[in-house]
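Observations on the three-dimensional arrangement
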Amino acid sequence: MNTPTLPGIADIRSAAAKLSGLIVETPLIESQELNKRFGGRILFKPETLQRTGSFKFRGAYNKLSSLTEEERSRGVVAFSSGNHAQGVAASAAMFGVKAIIAMPADAPAMKIANVRKMGAEVVHFDRVREDRMTVVRPYVEQGMVLVPPYDDPRIIAGQGTIGLELVRQAKALGASLDAVVIPCGGGGLSSGISIAVKDASPGTSVWGVEPEHFDDPRRSLAKGARVMNEPGHQSICDALLVAEPGAITFEINRKNLSGVIAVSDQATRQAMRDAMAHLKLVVEPGGSVALAALSSGEIELKGKCVAVVLSGGNVDFGTYAEIMAAA
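As a starting point, this report considers the structure included with it. Source: prediction; values computed, not measured.

Cut-offs and rules
- Residues numbered from 1 in each chain as written.
- Predicted model: local features only at pLDDT ≥ 70, side-chain atom pairs only at ≥ 80, totals over all residues.
- Heavy atoms only, no water.
- 1 Å grid on protein atoms, 1.4 Å probe; cavity = no way out; pocket = protein on both sides within 12 Å on 5 of 7 lines; lining within 4 Å.
- Points joined across faces, edges and corners; volume = space filled by probe spheres on them.
- Helix = DSSP H or I, 4+ residues; strand = E, 2+ residues; numbered from the N terminus.
- Nonpolar A, V, L, I, M, F, W, Y, C, P; charged D, E, K, R; others polar.
- Axes fitted to C-alpha atoms, helices over the stretch in contact; angles between N-to-C directions.
- Parallel < 35°, antiparallel > 145°, perpendicular 65-115°, else oblique.
- Contact = heavy atoms within 4.5 Å.
- Left-handed = near helix turned anticlockwise from the far one by under 90°.
- Phe/Tyr/Trp six-rings, centres within 6.5 Å; stacked < 30°, edge-to-face > 60°.

Structural notes on empty space enclosed by the protein
- Taken as a whole, this structure holds one cavity of 30 Å³ or more when the rule is applied.
- Along the walls of the largest cavity sit Cys184, Gly185, Gly186, Gly187, Pro217, Leu221, Pro245, Thr249, Phe250 and Asn253, which together make up its complete lining.
- Contributions of two or more residues to the lining of the largest cavity are made by helix 10 (216-223) and helix 11 (247-256).
- Ranked by residues supplied to the lining of the largest cavity, first place goes to helix 11 with three residues.
- Residues belonging to the lining of the largest cavity are distributed by class as follows: five nonpolar, five polar and no charged.

Here is the structure:
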């Protein structure tokens, strides 16, 4: 078995240079009410305010920028429930590249509409019955370049630019980070951020968070090898419903993560309400899980300074209204 090529801090700094002037340097914000509730200083990194409404633009643009002109001329193909799809579609439009995105038929309507609005072609598939690689393989065989959602060094390096910003911004606030808490699906976000955080502050613990029953990263770390999720479960966290961790992301995460926490949909809904009430932010379910994990009791918060990544805000109006109304 070949050892995967792992990105490092130099790759993340290179990605930051490419993204300079193109991305929103999302701020670190806090709520005195949430600080009081958790007994520490909680700094939130709202990638909900990022271009395309999630962190995914960072990695997608970095990947496309690394392609040759000949590769771009063949077009790109990707699979995604929505946020990676939007990142790829936006990046492809900026480079004038044709993009085809395979999206689950049950993906949020807002995400599907946004991808089409950006000029990409959407091909639907059944996330339960169909394998997404099987759906995109014909396009790859035709010569289109696959842009993976997480298991790619350029994608990981792009997401890692959040870590560079986070460390720099915390220092400017006079904050010494005890922990960083990050949503985790395939692991591209957590692995990328962890590289940057551990480079700057080796003593800072990094935690991944995922939905209940989709805890493949947690079980994989416990076993020391990648394992898949059991089929038949559902979650409102559409952005995090990945079958198993990536090969590259797993190698990084098992070195850098202190652990992975699984949260219920109920806890995620409450986190969405907390983000609206105390941060005045619209955060999608998958983007809220790191905030939900603060109530799990698994991370020491009292007297600590903890950064929480809010990874995306692309949620259908009806879904969001229903969750808010249930408060």
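Some remarks on the packing of helix 5 (residues 83-95) against helix 6 (residues 109-117)
- At their nearest, the axes of helix 5 and helix 6 sit 9 Å apart, and the two run at 10 degrees to each other. When the interaxial angle is binned, helix 5 and helix 6 end up roughly parallel. For the pair helix 5 and helix 6, contact is made by Asn83, Ala85, Gln86 and Ala89 and by Lys111, Asn114 and Val115, respectively.
- In the contact of helix 5 with helix 6, the residues fall into three nonpolar, three polar and one charged.

Side note on the packing of helix 8 (residues 153-172) against helix 9 (residues 188-200)
- In contact at an axis separation of 7 Å, helix 8 and helix 9 are set at 45 degrees when each is read in the N-to-C sense. When the interaxial angle is binned, helix 8 and helix 9 end up oblique. The handedness of the crossing between helix 8 and helix 9 is right-handed. Every residue of helix 9 that contacts helix 8 at Ile156, Gln159, Gly160, Ile162, Gly163, Leu164 and Val167 is listed here: Gly188, Leu189, Ser191, Gly192, Ile193, Ile195, Ala196, Val197 and Ala200.
- Among the residues forming the contact of helix 8 with helix 9, the class breakdown is ten nonpolar, six polar and no charged.

What to know about the packing of aromatic side chains
- Applying the stated criterion to the full structure yields two aromatic pairs.
- Between Phe57 and Tyr61, the ring centres sit 5.7 Å apart and the planes meet at 35 degrees, which makes this aromatic pair tilted. Highlighted residues: Phe57 and Tyr61, both in helix 3 (residues 56-65), separated by four residues, approximately one helical turn.
- Ring-pair connections join several aromatic residues into one group, and the members of that group are Phe57, Tyr61 and Phe95.

All we've got here are geometric facts, nothing functional implied.
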